[in-house]
Amino acid sequence: MKIGIIGAGNIGGNLTRRLTALGHDVSVANSRGPETLAALADETGATPVRAEDAARGAEVVVVTVPLKAVPDLPAGLFDGAAEGVAVIDTGNYYPQRDGRIAGIEDEGLTESRWTEGRLGHPVIKAFNGTYAQDILDRPRPAGAPDRMALPVAGDDAAAKARVRALIDELGFDTVDTGGLDDSWRQQPDTPVYGLRASAAEVTEALAKASPDRPAGFRG
């Protein structure tokens, strides 16, 4: 597939490494310009691009930037993407980093619902509680007893199915968390956040989550 990655930090960089190794055509962008991605491009064969070009022709786009940076992404980001493009949001709200976001704290929006509104495109929430190094170190074949499962939330059934299939290809099981309004179950400081566990254990952790935002994650 043609895949765009916006954000070349720990998660974005390691997804670039794994997805290119699997044979996908990856374009990667960051906030500092394609010339700063030369080393990653040389290592992986990915194409460094400007953020406004990362989604061009893409069937999947990964948005992996701090929440405070989401409103600054180019307008019409997905105008040139493939029809039905699946957009993955890996983000988390950290008030100490992002500043206070009223839509999340006062209006009760889940983090990815807020992000979806700023992007103007449906999103699938995934990888937000995944350790970046695990993307490189912990892939396992399907059926392996120690295969990790990742929670995935979203409203678009077709896009969610595509994302879950891609995560399976990366070497991880998935658990459907529900729609974006249910994605609080995988936000920071929930039982599943950062959990390295099987699908059954991830499902159990999701069921234990509380919708109340923890005090440490309020601005």
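How each quantity is defined
Residues numbered from 1 in each chain as written. Predicted model: local features only at pLDDT ≥ 70, side-chain atom pairs only at ≥ 80, totals over all residues. Heavy atoms only, no water. Buried < 20%, exposed > 50% of the residue type's maximum accessible area, 1.4 Å probe, protein only. Helix = DSSP H or I, 4+ residues; strand = E, 2+ residues; numbered from the N terminus. Pairing = 2+ DSSP bridges. Right-handed = clockwise from strand over helix to strand, strands pointing away. Contact = heavy atoms within 4.5 Å. Axes fitted to C-alpha atoms, helices over the stretch in contact; angles between N-to-C directions. Phe/Tyr/Trp six-rings, centres within 6.5 Å; stacked < 30°, edge-to-face > 60°. Core = buried A, V, L, I, M, F, W, Y, C linked by side-chain atoms within 4.5 Å. Parallel < 35°, antiparallel > 145°, perpendicular 65-115°, else oblique. Nonpolar A, V, L, I, M, F, W, Y, C, P; charged D, E, K, R; others polar.

Participant: I tried to follow the pairing of strand E7 (residues 149-154) on my own but got confused; where do I start?
Facilitator: For a regular strand, side-chain orientation follows a simple rule: the groups alternate between the two sheet faces. Burial of E7 is extensive: six of the six residues sit out of reach of the surface. With burial as the criterion, each face of E7 is covered, one bearing Ala 149, Pro 151 and Ala 153 and the other bearing Leu 150, Val 152 and Gly 154. As paired strands, strand E6 (residues 124-125) and E7 are joined by two bridges and run antiparallel to one another. Bridging across to E7, Lys 125 finds its partner in Ala 153. Examined bridge by bridge, E7 and strand E8 (residues 173-178) share five bridges and lie parallel to one another. Bridge pairing links Ala 153 to Gly 178 in E8. In this view, the connection linking E7 to its parallel neighbour E8 by way of helix H7 (residues 157-170) has right-handed handedness.

Participant: Sorry, what's going on with the side chain of Gln 187 here?
Facilitator: If you trace the backbone, Gln 187 turns up in the loop between E8 and helix H8 (199-207). Assessed through its relative accessible area of 6%, Gln 187 is described here as buried. Once you skip the residues sitting within four places of it in the chain, Gln 187 turns out to touch Thr 110, Glu 111, Lys 125, Asn 128, Tyr 193 and Arg 213.

Participant: Please clarify how the sheet that holds E7 should be interpreted in this entry.
Facilitator: Hydrogen bonds between backbone groups are what pair the strands of a sheet, and the pairing can be parallel or antiparallel. Reading across the sheet, the eight strands line up as E3-E2-E1-E4-E5-E6-E7-E8 and stay open at both edges, with mixed pairing between neighbours. Lying at the two open borders of the sheet, with one neighbouring strand each, are strand E3 (47-48) and E8. Against the sheet, helix H1 (residues 10-21) touches strand E1 (2-6), strand E2 (25-29) and strand E4 (60-63), its axis set at about 165° to E1.

Participant: Would you mind showing me how to read the packing of aromatic side chains here?
Facilitator: Any aromatic ring pair is given by two values, namely how distant the centres are and how the planes are angled relative to each other. Scanning the entire structure with this criterion turns up one aromatic pair. Relative to Phe 217, the ring of Tyr 94 has its centre 6.1 Å away and its plane inclined at 45°; by these criteria the two rings are tilted. In this pair, Tyr 94 sits in the loop between strand E5 (86-89) and helix H3 (95-98) while Phe 217 sits in the segment after H8, placing the two residues 123 residues apart along the sequence.

Participant: Quick question: what am I supposed to make of the environment of Ser 198 here?
Facilitator: Looking at the secondary structure, you find Ser 198 in the loop between E8 and H8. Considering only alpha carbons, one finds Ser 198 and Val 28, 170 residues apart in sequence, at a separation of 30 Å. When neighbours within four sequence positions are excluded, Ser 198 is seen to be in contact with Arg 147 and Ala 149.

Participant: What should I look at first to understand the nonpolar core in this one?
Facilitator: Burial of nonpolar side chains together is a common tendency in soluble globular proteins. Within the largest apolar cluster, 28 residues are counted, with the highest numbers of intra-cluster contacts made by Ile 5, Leu 15, Leu 19, Phe 127, Val 163 and Ile 167. When residues of this core are traced back to their parent elements, those giving at least two are E1, H1, E2, E4, E5, helix H6 (132-137), E7 and H7. The element best represented in this core is H7, accounting for five residues. Look past the residues within four positions of Ile 5 in its chain and what remains in contact with it is Gly 12, Leu 15, Thr 16, Leu 19, Val 26, Ser 27, Val 28, Ala 29, Ala 54, Val 62 and Thr 64. The next biggest cluster of nonpolar side chains, apart from the first, holds 25 residues, and it includes Val 61, Leu 67, Leu 119 and Leu 180.

Participant: Would you explain the packing of H1 against H7 in this entry?
Facilitator: Two quantities define a packed helix pair, namely the angle between the axes and the distance from one axis to the other. Put simply, H1 and H7 touch, their axes get as near as 10 Å, and they point 80° apart. Regarding the angle of H1 to H7, the classification is roughly perpendicular. For the pair H1 and H7, contact is made by Leu 15, Arg 18 and Leu 19 and by Leu 166, Glu 169 and Leu 170, respectively. Each residue belonging to the contact of H1 with H7 can be placed in one class, and the counts come to four nonpolar, no polar and two charged.

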